[in-house]
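# Residue-level structural notes
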Amino acid sequence: MNDNPGLLLATLAASLLVAPLIFLLPERAWLARTSINLGAALLKLGLVALMVAGVARGDSYAFGFTVVEGVSFQLRADPLGIMFAGLSSLLWLFTTLYAIGYLEGSPNRKRFFGFFSLCVASTLGIALAGNLFTFLLFYELLTLSTYPLVVHRGTPKALAAGATYLRYTVTGGVLLLIAVVALHALAGEVNFGQREVLADLGPEYHPMLIGIFVLLMLGLGVKAALVPLHGWLPQAMVAPAPVSALLHAVAVVKAGAFGIVRVVYDVYGIALSYELGLLTGLAIVASFTILYGSLRALAQVDIKRRLAFSTVSQVSYIMLGISLFGPMGTTAGLAHLLHQGLMKVTLFFCAGNYAEELGIHRIDELDGVGRRMPGTSLAFTFGALGMIGIPPLVGFLSKWYLGMGAIQAGMPWVLAVLVASSLLNAAYFLPILYRLWFKPGPLEGRGEWPEERRLGRLETSAWLLWPALATAAFSLLAGIFAGLPFSPLSWASLVATQEYLP
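Residues numbered from 1 in each chain as written. Predicted model: local features only at pLDDT ≥ 70, side-chain atom pairs only at ≥ 80, totals over all residues. Heavy atoms only, no water.

## Observations regarding the pairing of strand E2 (residues 71–76)
By the criterion of burial, E2 is predominantly enclosed, with 5 of the 6 residues buried. Pairing of strand E1 (residues 62–68) with E2 involves 6 bridges; the strand directions are antiparallel. Following the sheet pairing, Phe 65 is matched in E2 by Phe 73. Counting the residues between successive antiparallel strands, the hairpin from E1 to E2 contains 2 residues, one of them, Gly 70, with a positive phi of roughly 90 degrees. (Buried < 20%, exposed > 50% of the residue type's maximum accessible area, 1.4 Å probe, protein only. Helix = DSSP H or I, 4+ residues; strand = E, 2+ residues; numbered from the N terminus. Pairing = 2+ DSSP bridges.)

Next up, the structure:
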């Protein structure tokens, strides 16, 4: 069925058709490339905003066609998909602005921004996919379009990281493909939301359904960085800062987590997942990942690697939330999908600013930076305090609702995981804040910056500073105004309500 397909297709085309245009432009065409990138990002954000308003009114957006008998390509904008599309569109705009400034004067910008657009188009396709076949197509396109970004610098270290990235993600993709084919052989094509298809299968099919679910989690868990499938993520930190922001906050990691949400809620259904005992296993894996990621983050001295292991930990809050059987846990998991994106993109923008302006890559080089780069350091502080769970930043809301969800689900041990994780978050973020704001540095005559440059009249280039400040402000405002319509928490509550109402 096709309902209002124009808006749906235009939104996807806004980033998909930009890629060939950018590839065709000469390397020196900075103004044209920048105009196309920003124009497309603004257009897509506007189109997604129109669909958000339409979905809130109850309008439907769908497009599909038959590929072969029994297999169809389906796009659909439902509340869950449009939530992920909104996050992708908003952060794409800020990441594009940041990347323009970050890559100023560097080689191969045409190649970078071409694959950058393909990556974002893939993420939007994942958000708007209406069935597992369509999801799989865009999921694999995401793998192929992000590899050139990971190896962009072309150094031996970058190429080795890219090989690791491909090894993990292609293996995950193969497992996902096997699971999708097995599910299709068992139940035919299952569109997202048709939960009754699997629920109506008799108990004799339950062992097979459990096996397929495990395969799906293995396939999706690679990109979601579930332990022990997370090994590619810290190595990929060799990529430029805009790519790190994209991997951690907008695209790859989020695509894996979003896929797990889709499988639990829209393929198996929360009731069947609970009946088969799948949620308990997912909660245990997510809890282990949360604590393991935090412990590994504590041991890192490189800023981006510490942030990478923080991502391993924080993204699993999403899986922990959906594994808590009840609307509060669902609200927490879905809201954190958005909250973590805002906070983590801010932190990676700031890490990139420190590297570009002062040549800082290690935590022990951050002494006194708060006085040299106050705007960037304020943004980093907001992101870090949000990750710890300090109110009124959005991270507090995620942890509060997770705790409430754990009590509602009768799983009080999850509270211990949350407390331990928050203490570990504080243990690896607060020393950084102490160095930024309280330790004397080169401005007080103690040592010198590794490689100081003056990139602009402000503390650094305006292209680098304003995106970090904007996403930090969103992290604060989304927490303060969480009760307003269309806030991340309100939209997550809407999805949760639909999931648990008969």
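## Considerations on a nonpolar patch on the surface
Together, Leu 477, Ile 480, Phe 481 and Leu 484 give the surface a local cluster of nonpolar side chains, amounting to about 360 Å² of exposed area. Structurally, Leu 484 is set in the loop between helix H21 (462–480) and helix H22 (488–500). (Patch = residues over 30% accessible without salt bridge, like charges linked within 9 Å, V, L, I, M, F, W, Y side chains within 5 Å. Areas by Shrake-Rupley, 256 points an atom, 1.4 Å probe, with all protein chains shown as cover. Salt bridge = Lys/Arg side-chain N within 4 Å of Asp/Glu carboxyl O.)

## So, the packing of helix H3 (residues 30–57) against helix H5 (residues 109–128)
The interhelical angle for the contact between H3 and H5, taken along N-to-C directions, is 10 degrees, at an axis separation of 11 Å. Comparing the axis directions of H3 and H5 gives the class roughly parallel. On H5, the residues that touch Trp 30, Arg 33, Asn 37, Lys 44 and Met 51 of H3 are Arg 109, Lys 110, Phe 113, Ser 117, Val 120, Leu 124 and Leu 128. Each residue belonging to the contact of H3 with H5 can be placed in one class, and the counts come to 6 nonpolar, 2 polar and 4 charged. (Axes fitted to C-alpha atoms, helices over the stretch in contact; angles between N-to-C directions. Parallel < 35°, antiparallel > 145°, perpendicular 65-115°, else oblique. Contact = heavy atoms within 4.5 Å. Nonpolar A, V, L, I, M, F, W, Y, C, P; charged D, E, K, R; others polar.)

## So, unusual backbone geometry
Cis geometry is found at the peptide bond from Val 227 to Pro 228, where omega equals 10 degrees. Here Pro 228 shows up in the loop between helix H9 (206–223) and helix H10 (232–235). Across the junction of Pro 391 and Pro 392, the peptide omega takes the value 10 degrees, indicating a cis bond. Counting through the fold element by element, Pro 392 comes out in the loop between helix H18 (374–388) and helix H19 (394–408). In this structure, Ala 225 is a non-glycine residue whose phi angle is positive, near 60 degrees. By the element assignment, Ala 225 lies in the loop between H9 and H10.

## Digging into the nonpolar core
By size, the foremost hydrophobic cluster in this structure holds 163 residues, and its most contacted members are Ile 260, Tyr 268, Met 319, Phe 380 and Phe 429. Tallying contributions element by element places helix H16 (residues 327–358) first for this core, with 15 residues. Among residues more than four places away in sequence, those in contact with Tyr 268 are Leu 183, Arg 195, Leu 198, Leu 209, Ile 212, Phe 213, Leu 216, Val 263, Ser 273, Leu 276 and Leu 278. (Core = buried A, V, L, I, M, F, W, Y, C linked by side-chain atoms within 4.5 Å.)

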